[in-house]
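Each chain, letter by letter, is given below.
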Protein chains: 2
Amino acid sequence: MAKAKGNLAIGQSGGPTVAINSSLCGVIQEALAHDEIGEIYGMFRGIQGLLSDQFIDLRRQSPDVIKGLRRTPSAALGTGRYKVTPKDHERILDVLKARNIRYVHYIGGNDSADTSLKLHKLAADAGYELHVIAVPKTVDNDLYGTDHCPGYPSAARFVATALRDTGRDTEAMGPASPVKILEIMGRNAGWLTAAAALAREEEGDPPHLVYVPERPVSVERLVDDVQRCYKEHEHVVIAMSEGAQEAPGKTLGEEYAPKEVDVFGHRMKGGVSDYVAALLRGRLGLKVRLDQPNYLQRSFMLCASPIDLEEAYRIGKKAVQEALTGRIEGMVTLTRDPGPEYHCSAGIASLEGIANREKKLPPGFMNEDGNWPTNAFLAYARPLLGEPWPPSSYVRLTKLFV
Amino acid sequence: MAKAKGNLAIGQSGGPTVAINSSLCGVIQEALAHDEIGEIYGMFRGIQGLLSDQFIDLRRQSPDVIKGLRRTPSAALGTGRYKVTPKDHERILDVLKARNIRYVHYIGGNDSADTSLKLHKLAADAGYELHVIAVPKTVDNDLYGTDHCPGYPSAARFVATALRDTGRDTEAMGPASPVKILEIMGRNAGWLTAAAALAREEEGDPPHLVYVPERPVSVERLVDDVQRCYKEHEHVVIAMSEGAQEAPGKTLGEEYAPKEVDVFGHRMKGGVSDYVAALLRGRLGLKVRLDQPNYLQRSFMLCASPIDLEEAYRIGKKAVQEALTGRIEGMVTLTRDPGPEYHCSAGIASLEGIANREKKLPPGFMNEDGNWPTNAFLAYARPLLGEPWPPSSYVRLTKLFV
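A few points on the structure. (Residues numbered from 1 in each chain as written. Chains lettered and ligands numbered in written order. Predicted model: local features only at pLDDT ≥ 70, side-chain atom pairs only at ≥ 80, totals over all residues. Heavy atoms only, no water.)

## A short note on the packing of helix H1 (residues 20-32) of chain A against helix H11 (residues 306-324) of chain A
Residue and element names in this part refer to chain A.
Line of reasoning, step 1. Closest axis-to-axis distance for the H1/H11 pair is 7 Å, and the angle between their directions is 40°. It follows from the interaxial angle that H1 and H11 lie oblique. Relative to H11, the crossing made by H1 is right-handed. Residues Ser22, Ser23, Cys25, Gly26, Val27, Gln29, Glu30 and Ala31 of H1 pack against Leu309, Ala312, Tyr313, Ile315, Gly316, Lys317, Val320 and Gln321 of H11.
Line of reasoning, step 2. Per-class residue counts for the contact of H1 with H11 are eight nonpolar, six polar and two charged. (Axes fitted to C-alpha atoms, helices over the stretch in contact; angles between N-to-C directions. Helix = DSSP H or I, 4+ residues; strand = E, 2+ residues; numbered from the N terminus. Parallel < 35°, antiparallel > 145°, perpendicular 65-115°, else oblique. Left-handed = near helix turned anticlockwise from the far one by under 90°. Contact = heavy atoms within 4.5 Å. Nonpolar A, V, L, I, M, F, W, Y, C, P; charged D, E, K, R; others polar.)

See below:
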């Protein structure tokens, strides 16, 4: 082996997804293929692993384990949410220098892009040659510079699958228990919630209503929407973002969120969909049921999109390649190629335009009423879920009453 | 076609499952094969369909739709929870007679067995020949007379899958967000919650603690359990029944369940796991995360156990066969055959021993501490989930720190 130019450190950050280990696999396998790269260090629990000099030796893992990462959910290196501050800069530089780390790949969302940018700047300021190429990941899909974020397609597939199945359940209950709310992740951005609409195969199928943070809906309007759908279908299935708003900046029912503390001094639970459930029970006298799958949305491997896993792997490799071409900073991106067949190419963008920004659902992706995604959104999102989606093989009996 | 002896009515009742339509398919296909059976009526929304004389014509459905029921979750006929009272008896008899219904198959749990028993008795009292053969179904698995209930194996597979994946998520978060509670259905019986333990492939894997209604755990003991697990693993994943108790008959924290009503006069949400989350935050100062997939447990088709779908289909057919042999009342059952390979045979039992009783987890299925199922339970439950379960293909990096 030729003398390595330097060592590589890879970390995972923020909330895990089913695809983040696929990117890790891509980085490791690509790094192993290049003599310029010496040691391959895995930061234990994100940037904190670098700060505490805790690294997992990724060269000495078995090839089967490395390969298995492509089908393993969650973050195999451990993850964290530590925010780097100026007091950490000296320590970071010390560790980078002591270990001759010249390549850093950080897999994560907005905050992680910010961390990557800080690493780049502090190294540049110190005149220390460092290649920082971030790898995007977030089920929220709110990163600029990329068609979509790895992790999102699989979470979207879970949400659409869950909505379709729990929607069938509600349909069968009919007026006995007619309203179902599926609460969906994404406090500030409605990408994941909007994906619930992909569950609809035929007119009238659940979901009937979709509420996202970008399109506030008044309480009166919400009640009217539900009442109208109930009259039409005898049941109503709602895809509700955990951050749905009733006015810009005002989460639905936030003034009714329990202010009392429990016996231990902690506030009781009560999010948007708890409030909306109480609202609809009170105003319409209907039974309302809630599904809050929370962390299942980002971890449920059975719903992984094959496209997502493949793209996540590919951009992991691409990050290493970009660093080796001499690029000093950036985030790898996905760009959708023109043409009828879905395909994204991997590209690269500067971290400056990405860090600390949130990409919201554009206005053209929700209808005028703010309660259903447009065909433009559906056309954007559908191919990401991969096959076999849709249609389902589910049937309905013909209502031939005798 | 020879002259039919009488018509058949089939209904679905209580909470849907992924397997209840498979039983419906079995009933219809078997009924179609016998000339003694004339019309095949589907009760629209359970017994209420009979009371309101609303029947779907099942003879005129396309064979593909009938076949497709085997892979369709929820209850295709619609379901309900109506409880038959003596004032309904005359009306029921009138409809049965007017339509010459001689065969009734009702798919459901304890309450449905009770309904079936009532139908049998009122017909017998009136001297009206009626064959009532119930078909068991409930994710709670709490019916007597059968090895297990169709619906349970698939829900158990969902729970074990969800626990395994969300457990990986918690493991990756480590001390930053170390406690996860997966809330599991079954207010009075712990069968489904105990199935979460099947997620464990190696010592130390999630879940770390399993709490069921049958084995009350004091608050002090619960806190101690969690603290001990946290010290050992730096994260703790808990499978918590929605009906977990701290003393016999006393749900955990029921005195702290929100008594305040919301602005609409309805009580705010606050179940067992909301309470336990607040408890652990307060007492241990740890971040606690909750997954409450609720109705996904009984509807998530991707997690259907192939064994479950096959058995549900088989007992649907068996119910018709039993009625045609002249049996007047009963519930079809599953009996586990001896031998190393899992197989259940379909049998039949009298409704008298089944209706209105709940089969709890036997003492030998939980450990002495009441926080983990025994190997006897695991051996009972594992084969029900079908292949490929376990093991998963997930990997873990070897913690080779450098």
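Still to come is the rest of the account.
## Examining the sheet that holds strand E12 (residues 329-336) of chain B
Hydrogen bonds between backbone atoms are what pair the strands of a sheet, whose relative direction is either parallel or antiparallel.
All names here are of chain B.
Line of reasoning, step 1. The seven strands are arranged E3-E2-E1-E4-E5-E12-E13 in an open sheet whose pairing can be described as mixed. Of all strands in the sheet, those with a lone pairing partner are strand E3 (55-57) and strand E13 (344-349), marking the two edges. The average undirected angle you get between the axes of adjacent strands in this sheet is 30°.
Line of reasoning, step 2. Lying on the sheet, helix H11 (residues 306-324) is in contact with strand E1 (6-12), strand E2 (37-43), strand E4 (101-108), strand E5 (131-136), E12 and E13; it crosses E13 at an angle near 40°. (Pairing = 2+ DSSP bridges.)

## Examining the packing of aromatic side chains
Line of reasoning, step 1. Applying the stated criterion to the full structure yields 19 aromatic pairs over all chains.
Line of reasoning, step 2. Their ring planes at 70° and their centres at 5.7 Å tell us that A:Phe365 and A:Phe377 sit as a pair that is edge-to-face. With A:Phe365 in the loop between strand E13 (344-349) and helix H12 (375-381) and A:Phe377 in helix H12, the pair connects residues that are twelve residues apart, well separated along the chain.
Line of reasoning, step 3. A connected cluster of aromatic rings, assembled from ring pairs, spans A:Phe158, A:Phe300, B:Phe158 and B:Phe300.
Line of reasoning, step 4. For the cation-ring pair, A:Arg70 lies above A:Tyr313, with the distance from its terminal atom to the ring centre recorded as 3.4 Å.
Line of reasoning, step 5. Over the face of the ring belonging to B:Tyr394 we find B:Arg164, whose NZ or CZ atom lies 5.0 Å from the ring centre. (Phe/Tyr/Trp six-rings, centres within 6.5 Å; stacked < 30°, edge-to-face > 60°. Lys NZ or Arg CZ within 6 Å of the ring centre and 35° of its normal.)

## Structural notes on the nonpolar core
Inside soluble globular proteins, nonpolar side chains tend to come together where they are buried.
Line of reasoning, step 1. Within the largest apolar cluster, 78 residues are counted, with the highest numbers of intra-cluster contacts made by A:Tyr152, A:Phe377, B:Tyr152 and B:Phe377.
Line of reasoning, step 2. Residues contacting B:Phe377, with those up to four places away along its chain left out, are B:Tyr152, B:Trp191, B:Ala194, B:Ala195, B:Leu361 and B:Phe365. (Core = buried A, V, L, I, M, F, W, Y, C linked by side-chain atoms within 4.5 Å. Buried < 20%, exposed > 50% of the residue type's maximum accessible area, 1.4 Å probe, protein only.)

## As for the packing of helix H4 (residues 89-98) of chain B against helix H5 (residues 110-126) of chain B
All names here are of chain B.
Line of reasoning, step 1. The N-to-C vectors of H4 and H5 enclose an angle of 75°; their axes lie 10 Å apart at closest approach. One element, H4, and the other, H5, form an angle in the roughly perpendicular class. Across the interface between the two elements, His89, Ile92 and Leu93 from H4 touch Leu119, Leu122, Ala123 and Ala126 from H5.
Line of reasoning, step 2. For the contact of H4 with H5, the class distribution of residues is six nonpolar, one polar and no charged.

## Some words on the interface of chain B and chain A
Interface size is commonly expressed as the accessible area that is lost once the parts come together.
Line of reasoning, step 1. Counting from both sides, the interface comprises 82 residues of chain B and, opposite them, 82 residues of chain A.
Line of reasoning, step 2. Taken together, both faces of the contact between chain B and chain A bury some 7000 Å²; the carbon and sulfur share is 65%.
Line of reasoning, step 3. On inspection of chain B and its partner chain A, the count reaches four salt bridges.
Line of reasoning, step 4. We note a salt bridge from B:Asp169 to A:Arg298, for which the minimum N-O separation is 2.8 Å.
Line of reasoning, step 5. Across the contact surface, chain B and chain A share 27 residue pairs in polar contact (both at pLDDT 80 or more).
Line of reasoning, step 6. For the side of chain B that touches chain A, the secondary structure elements donating two or more residues are E3, helix H3 (63-68), helix H6 (152-173), helix H9 (272-284), strand E11 (288-291) and helix H10 (296-299) of chain B.
Line of reasoning, step 7. By residue number, the principal contributor to the side of chain B that touches chain A is H6(B), which donates nine residues. (Buried area = accessible area lost by both parts, 1.4 Å probe. Salt bridge = Lys/Arg side-chain N within 4 Å of Asp/Glu carboxyl O. Polar contact = N/O pair within 3.5 Å; in protein donor to acceptor, adjacent residues only side chain to side chain.)

## Comments concerning the relation of the copies chain B and chain A
For these two chain copies, the linking operation is a rotation about an axis paired with a shift along it.
Line of reasoning, step 1. For these two chains of identical sequence, chain B goes onto chain A by a turn of 180° and a shift of 0.0 Å along the axis, with RMSD 0.0 Å. On the angle and the small slide along the axis, the relation comes out as a two-fold axis. Closest approach to the rotation axis within chain B is made by the C-alpha atom of B:Pro293, at a distance of 2.1 Å.
Line of reasoning, step 2. By residue overlap, the copies meet face to face through one surface: 100% of the interface positions of chain B are interface positions in chain A. (Least-squares fit on C-alpha atoms with pLDDT ≥ 70 in both.)

## Here we look at helix H5 (residues 110-125) of chain A
Residues and elements named next belong to chain A.
Line of reasoning, step 1. The end-to-end C-alpha separation of H5 is 22 Å, in line with the 22 Å expected for 16 residues at 1.5 Å each.
Line of reasoning, step 2. For H5, the complete set of buried residues consists of Asn110, Ser112, Ala113, Asp114, Thr115, Ser116, Leu117, Leu119, His120, Leu122 and Ala123.
Line of reasoning, step 3. For H5, the secondary structure elements touched by its buried residues are helix H2 (47-51), helix H4 (89-98), strand E4 (101-108), strand E5 (131-136) and strand E12 (329-336).
Line of reasoning, step 4. Taken from the residues just after H5, Gly127 is the one with a positive phi, measuring 70°. (Expected span 1.5 Å × (residues − 1).)

## Observations regarding the sheet that holds E12(A)
Residue and element names in this part refer to chain A.
Line of reasoning, step 1. Taken in spatial order, the seven strands make up an open sheet running E3-E2-E1-E4-E5-E12-E13, and their pairing is mixed. At either end of the open sheet lies a strand with only one pairing partner, and these are strand E3 (55-57) and E13. Pairwise comparison of adjacent strand axes, ignoring direction, gives a mean angle of 30° for this sheet.
Line of reasoning, step 2. Where strand E1 (residues 6-12) and E4 come together, six bridges link them in parallel fashion. Residue pairing in the sheet places Gln12 in a bridge with Ile107 of E4.
Line of reasoning, step 3. Sitting on the sheet, H5 touches E4, E5 and E12, and the angle it makes with E4 is about 165°.

## Observations regarding the side chain of B:Arg157
Residues and elements named next belong to chain B.
Line of reasoning, step 1. The residue Arg157 is located in helix H6 in this model.
Line of reasoning, step 2. Judged by its relative accessible area of 10%, Arg157 falls in the buried class.
Line of reasoning, step 3. At 3.4 Å, the side chain of Arg157 and the backbone oxygen of Gly386 are in polar contact.

## Considerations on the side chain of B:Asp165
Line of reasoning, step 1. If you trace the backbone, B:Asp165 turns up in helix H6.
Line of reasoning, step 2. As a buried residue without a salt bridge, B:Asp165 has its nearest oppositely charged side chain in B:Arg164, at a separation of 4.2 Å.
Line of reasoning, step 3. Leaving out residues up to four positions away in the same chain, B:Asp165 has contacts with A:Pro73, A:Ser299, A:Phe300, A:Met301, A:Leu302 and B:Tyr394. (Lys, Arg positive; Asp, Glu negative; His and termini not counted.)

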